[in-house]
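This is what each chain is made of:
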Amino acid sequence: MKKVITYGTFDLLHWGHINILRRAKEMGDYLIVAISTDEFNRIKHKEAYHSYENRKMILEAVRYVDEVIPENDWEQKVKDVQKYGVDLFVMGDDWKGEFDFLKEYCEVVYLERTEGISTSQIKNELSET
Ligand code: C2G
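Description of the structure in this document.

Definitions and limits used
All residue numbers refer to positions counted from 1 along the written sequence of the respective chain. It should be noted that, the model being predicted, local features are given only for residues of pLDDT at least 70 and side-chain atom pairs only at 80 or more, the latter also being counted only at that level, while totals for whole chains, interfaces and linings use all residues. To get the side-chain values, all heavy atoms of the structure are used, and hydrogens and water are removed first. The secondary structure listing takes helices from DSSP runs of H or I that are at least 4 residues long and strands from runs of E that are at least 2 residues long, numbered from the N terminus. Partly exposed describes any residue whose relative accessible area lies between the buried limit of under 20% and the exposed limit of over 50%, with all areas from a 1.4 Å probe on protein chains only and scaled to the type maximum. Polar contacts, as used here, are pairs of N or O atoms within 3.5 Å; protein pairs need one atom able to donate a hydrogen and one able to accept it. Residues neighboring in sequence count only if both atoms are side-chain atoms. Only heavy atoms enter the contact rule, under which two residues are in contact if any of them lie within 4.5 Å. A single heavy atom is enough: if one lies within 4 Å of a molecule or strand, its residue is considered near that molecule or strand. To measure how exposed things are, a 1.4 Å probe is used in the Shrake-Rupley method; for residues, cover is taken only from the protein chains shown. A 1.4 Å probe that fits but cannot get out identifies a cavity on a 1 Å grid over protein atoms alone, an open set with protein on both sides within 12 Å along at least five of seven lines counts as a pocket, and a residue lines either if it has an atom within 4 Å of a point. Pocket occupancy is defined atom-wise: a molecule lies in a cavity or pocket when more than half of its atoms are within 2 Å of its grid points. Each residue gets one label: Ala, Val, Leu, Ile, Met, Phe, Trp, Tyr, Cys and Pro are nonpolar, Asp, Glu, Lys and Arg are charged, and the others, such as Gly, are polar.

### Description of the side chain of Thr119
So, point 1. When you line up the elements, Thr119 lands in helix 5 (residues 119–127).
So, point 2. The exposure class of Thr119 is buried, given its relative accessible area of 16%.
So, point 3. Separated by 2.9 Å, the side chain of Thr119 and the backbone oxygen of Asp11 make a polar contact.
So, point 4. Residues in contact with Thr119, not counting those within four places in the same chain, are Asp11, Leu12, His14 and His17.

Shown next, in the form of structure tokens:
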């Protein structure tokens, strides 16, 4: 069974997120999503609208997602890949090259980001109404 992992905040879940989750799942058999905790979001200088628990619950309802684990820090990826027996690491290409150190442990693929949508765009446009 080919296990895939991806990481992110996934706040205000939108079709750009669904595009990468679908493609990531299509590249294997089992998709793990490591979702940023509220504390880690602070480290990423991100303020999520939904709490970790609610973002986790929403992701668990997505057909492409098989398991959701917490992302607590920048350092956990190698451990996660080993602990969960991950074969493939996938991220949007806004992260291209950032996680190439994982190539020692698994396949690393950066997928094209979906243009025209983002959580910050949603927030900005709603705040202008
Ligand atoms: N994404 C995408 N297209 C968009 C928006 C997001 O493909 N229009 C992808 C991002 O490239 C990322 C994933 O969806 O792979 C989740 O995006 P975010 O929730 O913004 O995650 P981010 O803050 O980039 O956190 O350790 C990695 C970090 O946790 C990534």
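Past the structure itself, the notes keep going.
### Things to note about the site of the ligand
So, point 1. Near the ligand, the surroundings consist of 21 residues, among which Lys46, Glu71, Lys77, Asp94 and Ile117 are the closest.
So, point 2. Between Lys77 and the ligand, the recorded distance is 2.8 Å, taken from a side-chain N or O atom to an oxygen atom.
So, point 3. Between Thr114 and the ligand, the recorded distance is 2.8 Å, taken from a backbone N or O atom to a nitrogen atom.
So, point 4. Isolated, the ligand exposes 640 Å² of accessible area, and the fraction of that covered by the protein chains is 95%.
So, point 5. More than half of the atoms belonging to the ligand lie within 2 Å of the grid points that define the largest pocket.
So, point 6. Going through the elements one at a time, strand 1 (3–8), helix 1 (15–26) and strand 4 (88–92) are the ones with two or more residues in the shell around the ligand.
So, point 7. Top contributing element to the shell around the ligand by residue count: helix 1, with three residues.
So, point 8. Class assignment for the residues of the shell around the ligand results in seven nonpolar, eight polar and six charged.

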